[in-house]
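Descriptive analysis of the structure
If you want the building blocks of each chain, they are given just below.
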Amino acid sequence: PEKGLKDYYKDYFPIGAAVAPRNLTGPEADLIRQQFNSITAENAMKMGPIHPEEGRYNWTDADAIVQFATQNGIRMRGHTLCWHNQTPRWFFTDAAGNPVTKEVLLARLKSHIETVVGRYKGKVYAWDVVNEAIPDGGTDFYRKSKFYEIIGEEYIERAFEYAHAADPNAQLFYNDYNTESPGKRERIYGLVKRLKEKGVPIHGVGLQGHWSLQEPTAAGLEESITRFASLGLKVQITELDVSVYPKEHERRARRETDKSEFTPEMNEKQAAHYKMLFSVLRKHKKDITGVTFWNVSDKSSWLDNFPVQNRKDYPLLFDVNLAPKKAFHEVVNF
Ligand SMILES: OC[C@H]1CNC[C@@H](O)[C@@H]1O[C@@H]1O[C@H](CO)[C@@H](O[C@@H]2O[C@H](CO)[C@@H](O[C@@H]3O[C@H](CO)[C@@H](O)[C@H](O)[C@H]3O)[C@H](O)[C@H]2O)[C@H](O)[C@H]1O
């Protein structure tokens, strides 16, 4: 068969994609098998979808994705065990709807992590244990999530300890976005350094990588990789995509209206940006232990509904017909 991304990068790092059960049949499944040697469940392993009610788990989608990975010799990355988003309300409230105590929430978090990590022990090689616990700006060090408000900062180290106890061989990651913005990077650095010094079982940092044509710079990305690697932590790019639209603040500043078509100019700029990103990642291959795209192709991306509803985006290496784009060729021709 034709060489895929995973073959071109076999001496560098595994290359993956975030998937949903709808991607695991037909031409998309063929593309995944051809191009990727790692997959992540886009939504199926999150608290809400997998644990919708107390004592009731919904394994259908997660099992289907793990089975696809196992049957095709593809690594499985777990996402995510503790996040302020997509966590069902019951998790934080008692039967009367009042907030639960610290002890009750810790017990629920422990039971959830033991059950989910335990089920996929030996099948999921790495977990995003805690996701997005650091805010973008402002003076607060921690995001004021319900986990933080009810338990305090301790919830983070507990989550890692519960995950490690459930599968001592799994690599455990702290995962976040905007990791190239200096202020946020330093706060994350402070957090993971403290966790490591306390002996908390953390093994890596996930740089989500929801980028645009304007960011990050090569220097900014290198700084993030070397900063976290300097702590002896693995670094992965966990949710890579390059939107063809400027970030909201840039768009507003430029008062541009979006035309929702993939122009030749976007194609050129995006290809050049992906070329730069992967040259930086190859340069740091000793620290980078995995690169995962968020979704498989432009056929469907979460960016089609974020931050603007129903605005088609073209953020990946394969187009809406699953054909490799100019960016793909720039990434594999090195
Ligand atoms: O936001 C992008 C990244 C950022 N980092 C963390 C990472 O986990 C996150 O992924 C995105 O996380 C988003 C939630 O925050 C996901 O979006 C959810 O995706 C879910 C599955 O498609 C949607 O749930 C469906 O919603 C439909 C109608 O609203 C219902 O009919 C469906 O039953 C329900 O499953 C949720 O509304 C929607 O909010 C995106 O697909 C997913 O790509």
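Worth saying up front: this structure is predicted, and the values here are computed from it rather than measured. (Residues numbered from 1 in each chain as written. Predicted model: local features only at pLDDT ≥ 70, side-chain atom pairs only at ≥ 80, totals over all residues. Heavy atoms only, no water.)

Once that is clear, we can look at the overall build of the protein chain. Within the protein chain, the secondary structure is distributed over 12 helices and 9 strands. For the protein chain, whose C-alpha radius of gyration is 19 Å, the value lies close to the compact-globule estimate of 20 Å for 334 residues. Each of the 334 residues in the protein chain was classed as buried or not, and the buried ones make up 55%. Here the protein chain has roughly 14100 Å² of accessible surface; of this, 50% comes from carbon and sulfur atoms. Averaged over its 46 positive side-chain charges, the protein chain has a centre that lies 2 Å from the centre of its 45 negative ones. (Helix = DSSP H or I, 4+ residues; strand = E, 2+ residues; numbered from the N terminus. Rg over C-alpha atoms; globule rule 2.2 N^0.38 Å. Buried < 20%, exposed > 50% of the residue type's maximum accessible area, 1.4 Å probe, protein only. Areas by Shrake-Rupley, 256 points an atom, 1.4 Å probe, with all protein chains shown as cover. Lys, Arg positive; Asp, Glu negative; His and termini not counted. Charge placed at Lys NZ, Arg CZ, Asp CG, Glu CD.)

Turning next to empty space enclosed by the protein. In this approach the atoms are scanned with a rolling probe the size of a water molecule, which exposes any empty space left behind. This model, assessed by the stated rule, comprises 1 cavity of 30 Å³ or more. Lining of the largest cavity is provided by Cys82, Trp83, His84, Val130, Asn131, Glu132, Ala133, Arg143, Ser145, Phe147 and Tyr155. Residue assignment for the lining of the largest cavity shows that the elements contributing at least two residues are β3 (75-83) and β4 (126-131). Residue classes in the lining of the largest cavity are distributed as 6 nonpolar, 3 polar and 2 charged. (1 Å grid on protein atoms, 1.4 Å probe; cavity = no way out; pocket = protein on both sides within 12 Å on 5 of 7 lines; lining within 4 Å. Points joined across faces, edges and corners; volume = space filled by probe spheres on them. Nonpolar A, V, L, I, M, F, W, Y, C, P; charged D, E, K, R; others polar.)

With that settled, consider the layout of surface pockets. Its boundaries defined by the atoms lining it, the largest pocket holds a volume of some 770 Å³. Along its surface, the largest pocket is lined by 31 residues, and Tyr177, His210, Trp302, Leu303 and Phe306 are the ones closest to its centre. Every element with two or more residues in the lining of the largest pocket is listed here: β3, β7 (210-212), β8 (234-243) and α10 (248-254). Counted by class, the lining of the largest pocket contains 10 nonpolar, 11 polar and 10 charged residues.

Our focus in this paragraph is the site of the ligand. Inspection of the region around the ligand gives 14 residues, with Glu42, Lys46, His79, Glu239 and Trp294 positioned closest. Taking Lys46, its side chain carries an N or O atom lying 2.7 Å from an oxygen atom of the ligand. Between a nitrogen atom of the ligand and a side-chain N or O atom of Gln208, the distance comes to 3.1 Å. Within the complex, 46% of the 780 Å² of free accessible area of the ligand lies under protein. When the residues that make up the shell around the ligand are grouped by side-chain class, the tally is 3 nonpolar, 7 polar and 4 charged. (Near = heavy atom within 4 Å. Polar contact = N/O pair within 3.5 Å; in protein donor to acceptor, adjacent residues only side chain to side chain.)

Now for the packing of aromatic side chains. Per the counting criterion, the structure on display carries 23 aromatic pairs. Cation over ring: Arg77 sits above Phe173, and NZ or CZ is 5.0 Å from the ring centre. Over the aromatic face of Phe141 sits the side chain of Arg194, whose NZ or CZ is 5.2 Å from the ring centroid. (Phe/Tyr/Trp six-rings, centres within 6.5 Å; stacked < 30°, edge-to-face > 60°. Lys NZ or Arg CZ within 6 Å of the ring centre and 35° of its normal.)

Here, UniProt's "active site" (unreviewed entry) annotation points to Glu239. Ignoring anything within four residues of it in the chain, the contact list for Glu239 reads His79, Asn175, Leu207, Gln208, Gly209, His210, Thr292 and Trp294. At a separation of 3.1 Å, a polar atom in the side chain of Glu239 contacts the side chain of Asn175. (UniProt positions renumbered as here; feature names shortened; annotations may be inferred. Contact = heavy atoms within 4.5 Å.)

Here we come to the nonpolar core. If you look at the biggest cluster of nonpolar residues, it comprises 99 residues, and the most contacted ones within it are Trp127, Tyr274 and Phe278. Aside from chain neighbours lying at most four places away, what touches Phe278 is Tyr9, Phe13, Ile15, Leu240, Val291, Phe293 and Val331. (Core = buried A, V, L, I, M, F, W, Y, C linked by side-chain atoms within 4.5 Å.)

Glancing now at helix α5 (residues 102-119). Over its 18 residues, α5 extends 26 Å from the first C-alpha to the last, a length consistent with the 26 Å expected when each residue adds 1.5 Å. Contacts from the buried residues of α5 go to α3 (47-50), β3, β4, α6 (146-151) and α7 (154-166). (Expected span 1.5 Å × (residues − 1).)

Along strand β2 (residues 38-41), one buried face is formed by Ser38 and Thr40 and the opposite face, lined by Ile39 and Ala41, is buried too. With 4 bridges joining them, strand β1 (residues 15-19) and β2 adopt parallel strand pairing. Bridged to Val19 within β2 is Ala41. With helix α2 (residues 26-35) bridging β1 and the parallel β2, this β-α-β connection has right-handed handedness. Relative to β3, β2 is paired through 3 bridges, and the arrangement is parallel. Residue Thr40 lies in a different strand from β3, and its bridge partner there is Arg77. (Pairing = 2+ DSSP bridges. Right-handed = clockwise from strand over helix to strand, strands pointing away.)

Once that is clear, we can look at the side chain of Arg77. Looking at the element boundaries, Arg77 is found in strand β3. Of the polar contacts made by the side chain of Arg77, one reaches the side chain of Gln236; its length is 2.6 Å. Those residues within four positions of Arg77 in sequence are excluded, and the remaining contacts are Ile39, Thr40, Ala41, Val124, Tyr125, Ala126, Asp128, Phe173, Gln236, Thr238 and Thr292.

What follows deals with the packing of helix α8 (residues 182-197) against helix α9 (residues 218-229). At a minimum axis distance of 10 Å, the contact between α8 and α9 shows a crossing angle of 10 degrees. One finds that α8 runs roughly parallel with respect to α9. Across the interface between the two elements, Arg185, Glu186, Ile188, Tyr189 and Val192 of α8 pack against Gly220, Glu223, Ser224, Arg227 and Phe228 of α9. Of the residues that constitute the contact of α8 with α9, the class distribution is 4 nonpolar, 2 polar and 4 charged. (Axes fitted to C-alpha atoms, helices over the stretch in contact; angles between N-to-C directions. Parallel < 35°, antiparallel > 145°, perpendicular 65-115°, else oblique.)

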